Amino acid sequence: MDAGLRERLLGIVGPQGLVDDAAAERYLTDERNRYHGRAAAVVLPGSTRELAAVMALCHAADVGMVPQGGNTGYCGGATPNASGEEVLIVLSRLNRVRAVDPLSGTITVEAGVVLADAQRAAAEHGLLLPLSMGSEGSCQIGGNLSTNAGGLAVLRYGTARELVLGLEVVLPDGRIWDGLTALRKDNTGYDLKQLFLGAEGTLGIISAAVLKLFPMPAARETAWLAVRDLEAACALLRLARQVVGDVVTSFEYVTRPSLELALAAMSRLRDPLDAAYEHYVLLECSASGATGALGEAVSGLFESALEAGLAEDGVIAATGVHRAALWALRENVPAGEKAAGGSVKHDVSVAIARLPELAARAAAAVAAVAPAARLSVYGHIGDGNLHFNVLAPAGADPEAFRAAHGEAVSAAVHGAAAALAGSFSAEHGVGQLKRDLLAATESSLALEIMRGIKHVLDPKGVMNPGKVL
Ligand code: FAD
Ligand code: 2HG
Ligand code: ZN
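Everything numeric here is computed off the predicted structure, so don't read it as measured data.

Rules behind the numbers
- Residues numbered from 1 in each chain as written.
- Chains lettered and ligands numbered in written order.
- Predicted model: local features only at pLDDT ≥ 70, side-chain atom pairs only at ≥ 80, totals over all residues.
- Heavy atoms only, no water.
- Near = heavy atom within 4 Å.
- Polar contact = N/O pair within 3.5 Å; in protein donor to acceptor, adjacent residues only side chain to side chain.
- Nonpolar A, V, L, I, M, F, W, Y, C, P; charged D, E, K, R; others polar.
- Helix = DSSP H or I, 4+ residues; strand = E, 2+ residues; numbered from the N terminus.
- Buried < 20%, exposed > 50% of the residue type's maximum accessible area, 1.4 Å probe, protein only.
- Contact = heavy atoms within 4.5 Å.
- Salt bridge = Lys/Arg side-chain N within 4 Å of Asp/Glu carboxyl O.
- Areas by Shrake-Rupley, 256 points an atom, 1.4 Å probe, with all protein chains shown as cover.
- Core = buried A, V, L, I, M, F, W, Y, C linked by side-chain atoms within 4.5 Å.

Draft legend 1. Region of the structure containing the site of ligand 2. Tyr74, Arg330, Pro334, Lys345, Tyr378, His380, His387, Asn389, Glu427 and His428 make up every residue found near ligand 2. Asparagine 389 is positioned such that a nitrogen or oxygen atom in its side chain is 2.9 Å from an oxygen atom of ligand 2. Counted by class, the shell around ligand 2 contains three nonpolar, four polar and three charged residues.

The following block contains the structure:
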């Protein structure tokens, strides 16, 4: 990049918006430490107007732009390439909650608002922003929407996409599309916001959003149950929905090795039950209206599950602190894997009824290529989504294991999902990690449509180049 462009960027964002080289490093490496990029400049615009001016400048100069939110993404989507020619645009300073409208049930937030801060802003008005995940203390709304994040309450409230009413987006050439509507019904032509949700920053940069809020649950019941196997876990999901109805909010699955990774990494965590079991479900039900019967319903479900032989043991959270402790076990599995040297991660989904077959097929396929590898299998089975992660054999070097076996292991797991008409990316997106996989597995017609959309919005190809497509 010519020095003049850097000067002009400085002129737009001021010194507080241009990161110096010494401080840039934290933005140039991804969450999983898989990608290390370089950038001509790391820019933090302070408003939509500044963002638009930065993008117009880069567009005119044919400079690639990489958007970054909290940098917690799993597919390298927010890391620039190694050329040092791209500009990294970090959204952290676009962090204002513009409005909460309790009557309409909406919150208007800028893209750089951290998810947990947006949840808190809604809670101050007695309202729930249901998007929730282990990274919520650092991921940002713009990143959540650009990855169409899933998380821990999709079963009840849907993925990030389903929470969006309106968007403000800066197009690659710097024009601002004001689609920041709070309308719940609006059938005036194509639903343009959908293009940017899950686009991973390849079509433009989301600068603000209007999100749906829900009544804050007055009652929550959380149970950690040991189940016979994954099949029993799926049968329990069906039973739960029959017995407790549509107030089942989360239905997470955790295997013993995943739990042990979390326990090993976090000394404050405790094994939730007296004995060890191979398979667990973390179930949460919540209700905001007539809540009296919820506790009884969940206790009844637990008893029915024991009687039916689906569950073998379990505990229902007695206090809020107890509930948080159970959730911490589930949410710290990724941290446990990281502390153990990392894993070959997979984010596969199938129809819920096929989950047991997926797990069995994937386990057999991995064993065929890496017999001593350890598995960490868990996930959002209420959404048909498993994180089928594979770790180096005990005592082996994780980095060397990934280098030698990562590709074969991933082919094994993705092959198992594909054989069951599943997806290789249920919630983490494509980024640069899975770009070639998308090209190799998606139909030529679907790819043609995607490339057509990309061309209409970003004919110069300057928006997050080399990601997704
Ligand atoms: P980043 O990592 O900064 O960016 C992600 C992508 O979005 C990149 O392609 C980037 O270019 C683009 N982008 C970022 N901001 C914008 C913007 N404003 N406009 C346009 N493009 C933009 N994911 C889940 O789905 N479910 C989970 O349960 C979950 N749990 C996690 C737990 C842990 C411990 C960790 C580390 C990660 C987890 N993730 C999960 C993955 C990650 O947190 C999500 O993908 C999250 O949505 C990324 O948000 P971010 O702000 O960090 O985005
Ligand atoms: C989760 O469900 C996240 O905890 C992370 O999606 C999954 O680290 C992973 O593999
Ligand atoms: Zn997940």
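That covers the picture; the talk isn't over yet.
Draft legend 2. Spotlight on the side chain of threonine 202. Considering the arrangement of structural elements, one finds threonine 202 in the loop between α7 (193-196) and β10 (205-212). Under the relative-accessibility criterion, threonine 202 is labelled buried at 8%. Once you skip the residues sitting within four places of it in the chain, threonine 202 turns out to touch Lys454, Asp458, Met463, Asn464, Lys467 and Val468.

Draft legend 3. Broad picture of the pattern of salt bridges. Throughout the structure, instances matching the rule amount to 19 salt bridges. Here glutamate 168 and arginine 98 are joined by a salt bridge, their closest N and O atoms 3.3 Å apart. You can see glutamate 168 sitting in strand β8 (residues 164-170) and its partner arginine 98 sitting in strand β5 (residues 97-101), a full 70 residues away along the chain. Using a relative accessible area of 36% as the deciding quantity, one classes arginine 98 as partly exposed. Residues aspartate 117 and arginine 120 are paired through a salt bridge, measuring 2.6 Å at the closest nitrogen-oxygen approach. Pair noted here: aspartate 117 and arginine 120 are both in helix α4 (residues 115-123), with a separation of three residues, about one helical turn. For aspartate 117, a relative accessible area of 35% puts it in the partly exposed group. Connected through shared salt-bridge partners, Arg96, Arg98, Glu110 and Glu168 make up one network.

Draft legend 4. A look at the site of ligand 1. Lining the immediate environment of ligand 1, one finds 35 residues, of which Pro67, Gly69, Thr72, Gly73 and Ser135 sit closest. Here a nitrogen atom of ligand 1 and a backbone polar atom of glycine 143 are 3.5 Å apart. In this structure, a nitrogen atom belonging to ligand 1 sits 3.1 Å away from a side-chain N or O atom of glutamate 427. Protein coverage of the free-state accessible area of ligand 1, which is 970 Å², stands at 94%. Secondary-structure elements contributing two or more residues to the shell around ligand 1 are β3 (65-68), α5 (141-146) and β10. Tallying contributions element by element places α5 first for the shell around ligand 1, with four residues. Of the residues that constitute the shell around ligand 1, the class distribution is 11 nonpolar, 21 polar and three charged.

Draft legend 5. Looking closely at the nonpolar core. Core analysis: the biggest nonpolar cluster contains 52 residues, and Leu230, Leu236, Phe251, Leu283, Leu358 and Leu386 have the highest contact counts within it. When residues of this core are traced back to their parent elements, those giving at least two are β12 (219-227), α8 (230-243), β13 (248-255), β14 (279-287), α10 (294-307), α13 (355-369), β18 (385-391) and α14 (398-419). Ranked by the residues each element gives to this core, the list is headed by α8, at eight residues. Ignoring sequence-local partners within four residues, the contact set of leucine 236 consists of Leu225, Val227, Phe251, Val281, Leu301, Ala305 and Leu310. Ile141, Val169, Phe196 and Leu213 belong to the second largest nonpolar core, which has 33 residues in total.

So, to be careful, I would describe these as geometric facts and stop short of saying anything about function.
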